[in-house]
Each structure stands twice: as structure tokens, then as C-alpha cells.
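The primary structure of each chain is shown beneath.
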Amino acid sequence: MHEYDVELAVVGSGGAAMSAAIAASLAGRGVVLVERGLLGGTCVNIGCVPSKTLLAAAGARHGALTHPYDGVPTSAGPVDLGALVAQKDELVERLRGAKYADVADAYGFEIRTGQATFTDMDTLAVDGRPLRARAYLVATGAQPAVPDLPGLDGVDWLTSTTAMELPELPESLVVIGGGYVGMEQAQLFAHLGAQVSLVGHLAPRAEPELAAALAAVFADDGITVTPEHATRVSQDGDGVVVTTASGAQLRGQRLLVATGRSPRTDGLDLPAAGVNVDAAGFVMVDERQATSNPRVYAAGDVTGGPQYVYVAAAGGRVAARNAAAVMDAADAGKDVDDCCAPSTARVDYTGLPAVVFTRPQLASAGMTESEVLAAGIACDCRILDLADVPRALANRDTRGAVKVVADATTGQVLGVHALADGAGEMMLAATYAIRSGMTVDDVADTWAPYLTMAESLRLTAGLFRYQLPTSCCA
């Protein structure tokens, strides 16, 4: 260790970084985290935690205005967005301490503040001071992408980050982008009382039947969806105008752009480290999370993989374990180039779940029908409308459906997709079913608690057998 300052230097402090630091610490390796901004990365500061907090608040207001129960009068007045944002910020600050700073103290690794920059293939500098490590992990995350859209530089536009810091609710909002960020933000502001328009194709990667059902929900919410590309934006007095490919124009007081995310690699000087990136700037990694520089690993959103905090955490663990394996081999005098091939540490994406926190939620686990067909697998699918789900009937909200995708030959469950209240909660069972190789008959014959939304998974699996919905408990 005399030629190194630390065994593993991690750039970033989000899910991938913390997971890697914990794994390396448990393996007895010395770790330093380098963070130039707020501790905790995207999820706790500007992503999952703040957005879902505000979505829950907006959902509570919308529920008070629209619930279906006669004889239960409720109302909802104007929103104090500043108070909501302050409450959100309090939670973020508390979690930043409890889940990041306190965890680092518990595992005994250092968090060093400063800009990390590679000076050569072997050395990282933090605010100009060299930090020599046996291995490095780049886990700097991603940030809202800036599209090449004419007129955008002349408009005061919002990202999902800045939108969640607004002190006052805008009267109207135009959202560009129909992906998960655009959908969540559009419904968030609509449920808080703003007039919202969305430009883009809604849920483009979702099963088409569920995307169509969600479009109907957005229409019920008063959200105008224009399924086209934006071609230009311009200032119009105190508001903005978005022009689409067909020439349609949508106006709003504010503009929110949610057209994807780009890697946060500025200041790192990855070329100096010999780290290759793809055409979009994301760090390229192999199955071991290793980059083109064998001493540098990368994990999380900066690699361009599925942008979920649990995927980032899994990638961070894999990177740390593989880095430790290389160190162990070197310490034992083995050939480092051959020690870890094939490595036992890889991210297994089988049954990967995902949730869009709209109301109702849009969730999935495993493969879509189109992905199964593209893989050359004979596919069989069943769709259950929520009108056939007792829990939805009791809730008096039957908007949505559940879809099960199976191997037509073996009956093995390959994918589960749902638009439903609590759909995200259903995906843990779906993931277990997919990863354990259960068939539709296995799922149909497995216990499911009655009057839960999760029961719809068993009911949908039963359609492969009965072709028609069964009675409540059959």
C-alpha cells in the first residue's frame, strides 16, 4: 500500500457509490468517496425521494376532489407550493444524513469534498491534490438532458429538478416529453391545480394496451396530450409557446423539458484516464462494470443502463467485488489479467421491475411482448381489465389492466405489466415469479390474499387456463 493513498476511490455519493463503498468496506478494503456537490446523488436530492413526496401530496389533493364515494364530502383549496417544497426539503435533508452521512460513519469510509479529475491512467486529483488508488469507480450519475430545440435558449424553461423548487404553482404548464419523468411531472402539477399540456408520445416503452389506458386517465385529469415531437419553442408575453411537427401550438405560463438524461462527466477528464464513452457520452463498461482502463470501473446512471437506484446499487456492488477480486489476486501474486475471467460478479437483469408513479401507477417486471417476440420466443399473453378485479371494484376505480406475458411453449412467466393503484407493489411478486421460473399455472395455483390488487396477478394467470374471468374467489 505504500504507493497508494487508498485501495478504492469512488467518485460520486449516490446509490452506486454508496453500495460500492459498503461492499468494499465489508471486504476489508479502504475506501474514499469524492463528492463535489450534495451528498447522496440524484435519488435522495432531486429524484426519487422529492418527486414521490410531492406526487403523494398532489395525489392526496386530487383524491379529495375526485373520490367516488357518495356521502363523504371532501374539498381541496388552493395549494401552498412553497410549504410543500419546504416539507419535501426537510425530508431530503433528514434522509441525506441518516442514509448517507451516518452510513459512511458506520462503515468507516471517508467522504472527501471536491472536484475529481483524472490526471493520467493511474491518478485522480481532488481539487488538484493527487489521490492514488489501486482501483477507481466512476459513479457520478446523470442530469436532465438539454435537447437541440430551436428557441429553447430564449425561454426560461424548467427541468424536473428546478420544477420541484418552484415557490408558487404556475397557472399553466407545458411539458415536453412523454417518458416517466414527463408523465410524473405532468400529473403532479395537474393534480396540484395547474392546467397542463404534454407534448410527446405517452409511455413509449410501455405495453401499448396500458399506454392507451393511461392516456385515457390523463384525459380524465384534464391533461392535454399531443403525441408529436416539439419543433420549436418561443416566448409569448409572460408565457411560452411550443410548436409541434404538425404545426399545432400549445401555450403555458411555464415550460418543463423532460426529454431524457445525459451523463454527468464534466470535469473528470475521462480521456486522460483512457476511459471510453459512447456516442452519447455514457461510460462504456463490460459485464464486470470495468471500463477500457482496467483500474477504472463505472456504475449507475453514468453508464447509460436502466436508470433506477436499485440498478445503480447492484452495479456498484458488482464493481466493488470485482475490484476486490483483482486486488486479492495481485496480493497473492497471481496474474491479474487472468484472475477474474470469468468473473462471478455480474448484474442479473432477469425480472427487472420498474414503476412510473402516476396515479394509477404504471409498472412492469421482466420482458414486454415485443421483446419476447424479438428474442424469437413463441409468445402468449393475457390481459385482465380491472373491472374484473374485486379490489378495484371496492375502490370504485377500475381504470387500468394487468398483462401477463408468457412462453407459449412452456407457460413460463416472462413479463408482468400493470396499470393499477399500487401496481408497483405487485411487481415484487412478479419479479419473484419470473426469476424462479414459475409458469402461469404455478402463479394461478399460488395463494393470493383476497381483496388486494396483487390478487390480479393470480387472476390474470388464470386466464391462460379458463380464457374467461372467474368468480371472486375461484
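Residues numbered from 1 in each chain as written. Predicted model: local features only at pLDDT ≥ 70, side-chain atom pairs only at ≥ 80, totals over all residues. Heavy atoms only, no water.

1. Details of the overall build of the protein chain
When helices and strands are tallied, the protein chain shows 15 helices and 21 strands. A globule of 474 residues ought to have a C-alpha radius of gyration of about 23 Å, and the protein chain, at 24 Å, matches this closely. Its C-alpha atoms give the protein chain principal-axis dimensions of roughly 75 × 60 × 40 Å. Relative to its full complement of 474 residues, the protein chain shows a buried share of 49%. The contacts in the protein chain between residues at least 6 apart in sequence include a share of 65% that link residues at least 24 apart. For the protein chain, the accessible surface area stands at approximately 21400 Å², while carbon and sulfur atoms represent 53% of it. Charged side chains in the protein chain number 33 positive and 54 negative. The centres of these two groups are separated by 3 Å. (Helix = DSSP H or I, 4+ residues; strand = E, 2+ residues; numbered from the N terminus. Rg over C-alpha atoms; globule rule 2.2 N^0.38 Å. Buried < 20%, exposed > 50% of the residue type's maximum accessible area, 1.4 Å probe, protein only. Contact = heavy atoms within 4.5 Å. Areas by Shrake-Rupley, 256 points an atom, 1.4 Å probe, with all protein chains shown as cover. Lys, Arg positive; Asp, Glu negative; His and termini not counted. Charge placed at Lys NZ, Arg CZ, Asp CG, Glu CD.)

2. Describing the packing of helix α3 (residues 48-66) against helix α4 (residues 81-107)
Relative orientation and spacing of two packed helices are given, respectively, by the angle between their axes and the distance between those axes. At a minimum axis distance of 10 Å, the contact between α3 and α4 shows a crossing angle of 140 degrees. The pairing of α3 with α4 is recorded here as oblique in orientation. In this structure, the crossing between α3 and α4 has a hand that is right-handed. Residues V49, P50, T53, L54 and A57 of α3 pack against L84, K88, L91, V92 and L95 of α4. A breakdown of the residues in the contact of α3 with α4 according to their chemical character gives 8 nonpolar, 1 polar and 1 charged. (Axes fitted to C-alpha atoms, helices over the stretch in contact; angles between N-to-C directions. Parallel < 35°, antiparallel > 145°, perpendicular 65-115°, else oblique. Left-handed = near helix turned anticlockwise from the far one by under 90°. Nonpolar A, V, L, I, M, F, W, Y, C, P; charged D, E, K, R; others polar.)

3. What about empty space enclosed by the protein?
One pass over the structure, following the stated rule, counts 2 cavities of 30 Å³ or more. Reported here for the largest cavity is a volume of approximately 40 Å³. What lines the largest cavity is L54, L81, V85, A163, M164, L188, F189 and L192. For the lining of the largest cavity, the secondary-structure elements that each account for two or more residues are α4 and α6 (180-192). In terms of residues, the lining of the largest cavity owes the most to one element, α6, which gives 3 residues. Class assignment of the residues belonging to the lining of the largest cavity gives a composition of 8 nonpolar, no polar and no charged. (1 Å grid on protein atoms, 1.4 Å probe; cavity = no way out; pocket = protein on both sides within 12 Å on 5 of 7 lines; lining within 4 Å. Points joined across faces, edges and corners; volume = space filled by probe spheres on them.)

4. Remarks on helix α15 (residues 455-466)
An ideal rise of 1.5 Å per residue puts 16 Å on 12 residues; α15 measures up with 16 Å between its terminal C-alpha atoms. The buried count for α15 comes to 10 of 12 residues, which makes it a mostly enclosed element. Listed in full, the buried residues belonging to α15 are E455, S456, L457, R458, L459, T460, A461, G462, L463 and F464. If you follow the buried residues of α15, they end up packed against β19 (379-385), α12 (390-395), β20 (401-407), β21 (413-420), α13 (423-435) and α14 (440-444). (Expected span 1.5 Å × (residues − 1).)

5. Thoughts on the pattern of salt bridges
In the structure shown here, the tally under the stated rule is 25 salt bridges. Here R295 ties to D122 by a salt bridge, and the two come within 2.8 Å at their closest N and O atoms. In this pair, R295 sits in the loop between α8 (270-273) and β16 (296-298) while D122 sits in the loop between β4 (116-118) and β5 (123-126), placing the two residues 173 residues apart along the sequence. Note that E369 is salt-bridged to K403, the shortest N-O span being 2.7 Å. One end of the pair, E369, is in helix α11 (residues 369-374); the other, K403, is in strand β20, with 34 residues separating them in the sequence. Salt bridges sharing common partners tie together E7, R29, R134, D328 and D331. (Salt bridge = Lys/Arg side-chain N within 4 Å of Asp/Glu carboxyl O.)

6. Structural notes on the nonpolar core
Ranked by internal contacts, the top residues of the largest apolar core, which has 35 residues, are M183, F189, V196, L214, F218, L256 and L362. Among the secondary structure elements, those contributing two or more residues to this core are α3, α4, β8 (172-176), α6, β9 (195-199) and α7 (208-220). Per-element tally for this core: the top contributor is α6, with 6 residues. In this structure, F218 is in contact with M183, A186, Q187, L198, L202, I223, V225 and T358, ignoring residues within four places of it in sequence. Core analysis: the second largest hydrophobic core is formed by 31 residues, A17, M18, V103 and V326 among them. (Core = buried A, V, L, I, M, F, W, Y, C linked by side-chain atoms within 4.5 Å.)

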